[in-house]
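Listed below, chain by chain, are the residues.
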Amino acid sequence: MQMIKPTGFMLMEVLVSIALSAVALLALASLNATTLRYTKMSQYRAVATHLASDIGERMRANKGRPVEGGASAEGFWAGDYDYATSFAGQAATVSAPAPRCQTTLSVCSTRELAELDLAQWRFQARSLLPEGSVFVLRQTNAVAADVWIAWRDPLVASRDETPARARECPSGMAVSDLSIRCSYFRINL
């Protein structure tokens with residue numbers, strides 16, 4: 001009796017193992033891309049947190065005084081740090097205000113100092129984040145300010161992050177692009 005050897009059986013096993021390996025490698029590549037995206041998003045949020053801390057310290061240093069006995073408010077109390085420009089309106093480069101207030105001989109008002117603080121802070125946001133933009137509103141009933149820091153996230157996958165975007169940015173920023181991300185901070189002075 002002669003035994004017939006099956007031919008091609010080993011070839012099928014090799015093809016199946018190559019197909020399974022290809023699927024596994026594609027899954028790993030997708031995981032790597034997702035990890036890169038979330039790492040970059042985390043980096044942007046860390047920079048936004050640093051920027052919010054920076055403007056909070058600047059506002060604390062130039063708090064000024066509230067309205068007292070007929071005198072007008074100054075500094076933070078006067079709303080000198082309020083900045084409510086749309087995202088598109090902040091596309092131009094940031095220029096420093098006329099009085100520099102940066103030397104020991106400079107005599108600047110609280111308003112001029114706030115203008116300098118905002119210009120420097122906006123420049124930092126623009127430099128550290130892709131298309132970085134800011135939005136600041138002082139709370140009238142509290143010694144606090146609401147701060148939003150926005151940027152364009154080039155790695156965003158809009159299909160899985162669309163629901164969260166609607167609550168991230170303030171309506172005054174007029175953000176309609178799904179690649180724009182905002183971080184919100186409440187700064188208590």
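Preceding this paragraph is the structure being described.
Calculation criteria
Residues numbered from 1 in each chain as written. Predicted model: local features only at pLDDT ≥ 70, side-chain atom pairs only at ≥ 80, totals over all residues. Heavy atoms only, no water. Helix = DSSP H or I, 4+ residues; strand = E, 2+ residues; numbered from the N terminus. Buried < 20%, exposed > 50% of the residue type's maximum accessible area, 1.4 Å probe, protein only. Lys, Arg positive; Asp, Glu negative; His and termini not counted. Salt bridge = Lys/Arg side-chain N within 4 Å of Asp/Glu carboxyl O. Contact = heavy atoms within 4.5 Å. Core = buried A, V, L, I, M, F, W, Y, C linked by side-chain atoms within 4.5 Å.

> I'm lost on the side chain of Asp 153 in this one. Help?
As for its position among the elements, Asp 153 is in the loop between β2 (144–152) and α3 (158–168). We note that Asp 153 is buried and unpaired, the nearest opposite charge coming from Arg 181 at a distance of 4.8 Å. Apart from residues lying up to four places away in sequence, Asp 153 is in contact with Met 41, Tyr 44, Ser 179 and Arg 181.

> Can you help me understand the nonpolar core in this one?
Core analysis: the largest hydrophobic core is formed by 23 residues, its most contacted members being Met 59, Trp 121, Val 147 and Ile 149. Listed by contribution, the elements that provide at least two residues to this core are α1 (9–61), α2 (110–128), β1 (133–138), β2 and β3 (180–188). By residue number, the principal contributor to this core is α1, which donates seven residues. In this structure, Ile 149 is in contact with Ala 48, Leu 51, Ala 52, Trp 121, Leu 129, Ser 133, Arg 181, Cys 182, Ser 183 and Phe 185, ignoring residues within four places of it in sequence.

Honestly, it's all geometry; don't read function into it.
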